[in-house]
Amino acid sequence: MSKNAFVFMGGTFDPIHNGHLRTALEMQQWLGVDRLHLIPSKTPVHKDAPGCTSAQRLEMVRLAVEGESALQVDEREINSVQPSYTLLTLQGLRAELGDAVPICMIMGMDAYQTLPSWHEWQRFLTLGHLIVVQRPGYQLADDSVMGELTRQHRADSPQELLSQPSGKVLLHELTPLGISATQVRETIGSGDSPRYLIPDPVWQFIQENQLYGLTN
Ligand code: ATP
Ligand code: MG
């Protein structure tokens, strides 16, 4: 199995929460790779404008993984002058890493189901693998476009995935955590504490910077 695979999880991380973090850590351990890279997007092309700036979202990801060397922040999308298209990120990584290194993109089942609306998504598997994490409340329908794609490209083990550079889809179930950034923002917006849904340093940062409509 290739130890030098590049494994990443993209997202808006608005804000990063324990569902992201636990997913990332369990995936890194399950795949047996040294590191997993978190890539915050700059301009969310699939979403409404975020509740805080890209720089603040990036800073919260940094705070969240401080002291955990298995999780790394990758600033490529935030620093890019181009829009945050996954295709561009995959192409950039492939150019950087060469043809042989497996590239694995992790996403939740909710994101996977929306893939057909992503810019040139059909090219993703020519550049890397997709690892899809079950997320409470989201089920793949067999007769959907993504159900069909999954059948065609499915891998059955991390070994199978990491033995080639691209082209496979792996579904994996880990500790289900039904936390979403939407829930975190709504909790804060209604004046309640989001403690234990997000890391303490992230909550502190939100309070200090009065994000998500927080006043005092
Ligand atoms: P929002 O509620 O604003 O949509 P979110 O919680 O879905 O935010 P994103 O930044 O959109 O967070 O998600 C980034 C990636 O992390 C996506 O692939 C998403 O499916 C995955 N993800 C988010 N939350 C979880 C979770 N609790 N368990 C597993 N995967 C998750
Ligand atoms: Mg989401």
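One can find the structure itself at the top, above this paragraph.
The model shown is predicted, which means the values in this text are computed figures rather than measured ones. (Residues numbered from 1 in each chain as written. Chains lettered and ligands numbered in written order. Predicted model: local features only at pLDDT ≥ 70, side-chain atom pairs only at ≥ 80, totals over all residues. Heavy atoms only, no water.)

K.L.:
Is there a simple way to think about the overall build of the chain in this case?
P.N.:
When you go through the chain residue by residue, the secondary structure sums to 10 helices and 6 strands. Here the C-alpha atoms of the chain give a radius of gyration of 17 Å, agreeing with the 17 Å that 2.2 N^0.38 yields for 216 residues. Taken along its principal axes, the extent of the C-alpha atoms in the chain is 50 × 35 × 30 Å. When each of the 216 residues of the chain is scored for burial, the buried share is 50%. Sequence-distant contacts, at least 24 apart, represent 73% of the contacts inside the chain between residues at least 6 apart. Surface exposure of the chain reaches about 10,400 Å², of which carbon and sulfur atoms provide 46%. Side chains of the chain carry 16 positive and 24 negative charges; the gap between the two charge centres is 3 Å. (Helix = DSSP H or I, 4+ residues; strand = E, 2+ residues; numbered from the N terminus. Rg over C-alpha atoms; globule rule 2.2 N^0.38 Å. Buried < 20%, exposed > 50% of the residue type's maximum accessible area, 1.4 Å probe, protein only. Contact = heavy atoms within 4.5 Å. Areas by Shrake-Rupley, 256 points an atom, 1.4 Å probe, with all protein chains shown as cover. Lys, Arg positive; Asp, Glu negative; His and termini not counted. Charge placed at Lys NZ, Arg CZ, Asp CG, Glu CD.)

K.L.:
In this structure, what is going on with the packing of helix H2 (residues 54–65) against helix H10 (residues 200–209)? I would like to understand it.
P.N.:
Between H2 and H10, the shortest axis-to-axis distance is 8 Å and the interhelical angle comes to 150 degrees. Relative to H10, the element H2 is oriented roughly antiparallel. In this structure, H2 crosses over H10, and the sense of that crossing is right-handed. Contact residues: Gln56, Glu59, Met60, Leu63 and Ala64 in H2; Pro201, Val202, Phe205, Ile206 and Asn209 in H10. Of the residues in the contact of H2 with H10, the class split is 7 nonpolar, 2 polar and 1 charged. (Axes fitted to C-alpha atoms, helices over the stretch in contact; angles between N-to-C directions. Parallel < 35°, antiparallel > 145°, perpendicular 65-115°, else oblique. Left-handed = near helix turned anticlockwise from the far one by under 90°. Nonpolar A, V, L, I, M, F, W, Y, C, P; charged D, E, K, R; others polar.)

K.L.:
Looking at this structure, I do not really get unusual backbone geometry. What am I missing?
P.N.:
Working note: non-glycine residues mostly have negative phi, and peptide bonds are mostly trans. In this structure, the amide linkage connecting Asp14 to the following residue, Pro15, adopts the cis form with an omega of 0 degrees. One non-glycine residue, Glu120, lies in the positive phi region at around 50 degrees. The topology assignment puts Glu120 in the loop between helix H5 (109–113) and helix H6 (124–127). Among the residues examined, Glu120 registers a relative accessible area of 37% and is labelled partly exposed. At Gln210, a residue that is not glycine, the phi angle is positive and equals roughly 50 degrees. With respect to the secondary-structure elements, Gln210 resides in the segment after H10. Using a relative accessible area of 42% as the deciding quantity, one classes Gln210 as partly exposed.

K.L.:
Quick question: what am I supposed to make of the site of ligand 1 here?
P.N.:
In the vicinity of ligand 1 there are 21 residues, among which His17, Asp110, Leu177, Ala181 and Thr182 approach most closely. At 2.5 Å from an oxygen atom of ligand 1 is found a side-chain nitrogen or oxygen belonging to Asp110. Between ligand 1 and Arg135, the relevant distance is 3.0 Å, taken from an oxygen atom to a side-chain nitrogen or oxygen of the residue. Out of a free accessible area of 600 Å², ligand 1 has 90% covered by protein chains. (Near = heavy atom within 4 Å. Polar contact = N/O pair within 3.5 Å; in protein donor to acceptor, adjacent residues only side chain to side chain.)

K.L.:
Would you explain the sheet that holds strand S2 (residues 36–40) in this entry?
P.N.:
Strands in a sheet are paired, the pairing made by backbone hydrogen bonds, and the direction either parallel or antiparallel. Across the sheet, 6 strands lie side by side as S3-S2-S1-S4-S5-S6; this open sheet has parallel pairing. The strands lining the two open edges of the sheet, one partner per strand, are strand S3 (71–73) and strand S6 (169–172). Across the sheet, the axes of successive neighbouring strands diverge by a mean angle of 30 degrees, strand direction being ignored. Where strand S1 (residues 6–11) lies against S2, 4 bridges are found, and the strand directions are parallel. By the bridge assignment, Gly10 is partnered in S2 with Ile39. (Pairing = 2+ DSSP bridges.)

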